[in-house]
Amino acid sequence: MADKITGIDIRILKLLAKNARLTYKDLAELLDTTRQRVSRRMDRLERNGIIKKYTVIPDYDSLGYMYALLGITLKPGTDVDSVIEVLKENENVKVIQKAIGSHNLILHVAGPKDMKEMDRILSEITKKVHAIDCLDITFVTDTIKFETL
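In this text, all values refer to a predicted model and were calculated from it rather than measured experimentally.

Q: Looking at this structure, I do not really get the nonpolar core. What am I missing?
A: A general tendency of soluble globular proteins is for nonpolar side chains to be buried together. In terms of nonpolar packing, the biggest core is built from 17 residues, with L70, L87, L105, L107, V109 and I125 touching the most fellow members. Excluding residues within four positions of it along the chain, V109 makes contact with M66, Y67, A68, L70, N92, V93, M118, I121, L122 and I125. Counting twelve residues, the second-largest nonpolar core is a separate cluster that includes I8, L22, L27 and L45.

Q: Sorry, what's going on with helix α2 (residues 24-31) here?
A: Helical geometry: 3.6 residues make up each α-helical turn, so side chains three or four residues apart lie on a common side. Where α2 is concerned, the buried positions are L27, A28 and L31. What you see down the axis of α2 is that its buried residues fit within an arc of 100 degrees, all on one side. Exposed and oriented more than 90 degrees from the buried face of α2 are E29 and L30. Of the surrounding secondary structure, the elements contacted by the buried residues of α2 are α1 (7-18) and α3 (35-47).

Q: Please clarify how the side chain of R41 should be interpreted in this entry.
A: Among the secondary structure elements, R41 is positioned in helix α3. With residues up to four places along the chain from it excluded, the contact list for R41 reads K4, T6, I8, D9 and I12.

Q: Please explain the sheet that holds strand β4 (residues 132-140) as it appears in this structure.
A: Across a sheet, paired strands are connected by hydrogen bonds in the backbone, their directions being either parallel or antiparallel. The strand order across the open sheet built from four strands is β2-β3-β1-β4, with neighbouring strands paired in antiparallel fashion. Two strands close off the open sheet at either side, each with one partner strand: β2 (93-98) and β4. Geometrically, the sheet is characterised by an average inter-axis angle of 20 degrees between neighbouring strands, direction not taken into account. Taken strand by strand, helix α4 (residues 80-88) contacts β1 (65-74), β2 and β3 (105-112), and its axis lies near 170 degrees from that of β2.

Q: Before we go on, may I ask you to explain the pattern of salt bridges in this structure?
A: Opposite charge on two side chains lets them pair, provided their charged atoms get close. A complete count under the given rule lists six salt bridges for this structure. Of the charged contacts, one joins R41 and D9 as a salt bridge, the two residues approaching to 2.5 Å between their closest N and O atoms. Placement of R41 in helix α3 and of D9 in helix α1 is noted, with a sequence separation of 32 residues between them. Note on R41: relative accessible area 10%, which makes it buried. For R120, the salt bridge goes to E117, with nearest N and O atoms at 2.7 Å. In this pair, R120 and E117 both sit in helix α5 (residues 115-128), three residues apart, roughly one turn of the helix. Exposure remark for E117: the relative accessible area of 27% places this residue in the partly exposed category.

What counts, and at which threshold
Residues numbered from 1 in each chain as written. Predicted model: local features only at pLDDT ≥ 70, side-chain atom pairs only at ≥ 80, totals over all residues. Heavy atoms only, no water. Core = buried A, V, L, I, M, F, W, Y, C linked by side-chain atoms within 4.5 Å. Buried < 20%, exposed > 50% of the residue type's maximum accessible area, 1.4 Å probe, protein only. Contact = heavy atoms within 4.5 Å. Helix = DSSP H or I, 4+ residues; strand = E, 2+ residues; numbered from the N terminus. Arc of directions from axis to C-beta. Pairing = 2+ DSSP bridges. Axes fitted to C-alpha atoms, helices over the stretch in contact; angles between N-to-C directions. Salt bridge = Lys/Arg side-chain N within 4 Å of Asp/Glu carboxyl O.

Now the structure itself:
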């Protein structure tokens, strides 16, 4: 059974969401506590799967890439998990999210700033998903705010 999430856990997560490079010492100072307490809480958060990954959020535009969101609605009765397994294999698909609402899946896709190449990438992705009922594509032009918690 997972340990109870405490107020300090939430504060740690919020600080790390803004800067995942903070050290235990930095966190302890910001939270007015000890490194040992931070270390124990971090170990529990990781062990319980609350912290899944430490990562970088790149500026795709500066790297010469464009970013698109694909909203995919699958035909009724489609095995969503098998579709996800196929999508996981594509290196341009950066995020796969299950959803409830207009779409079953939301994909975050990165590709070069070349519309013909991006069209090829998106076609390759959608051809592998045979059960698409509806597809919405939105190109992201700028990210103003990105917070995870």
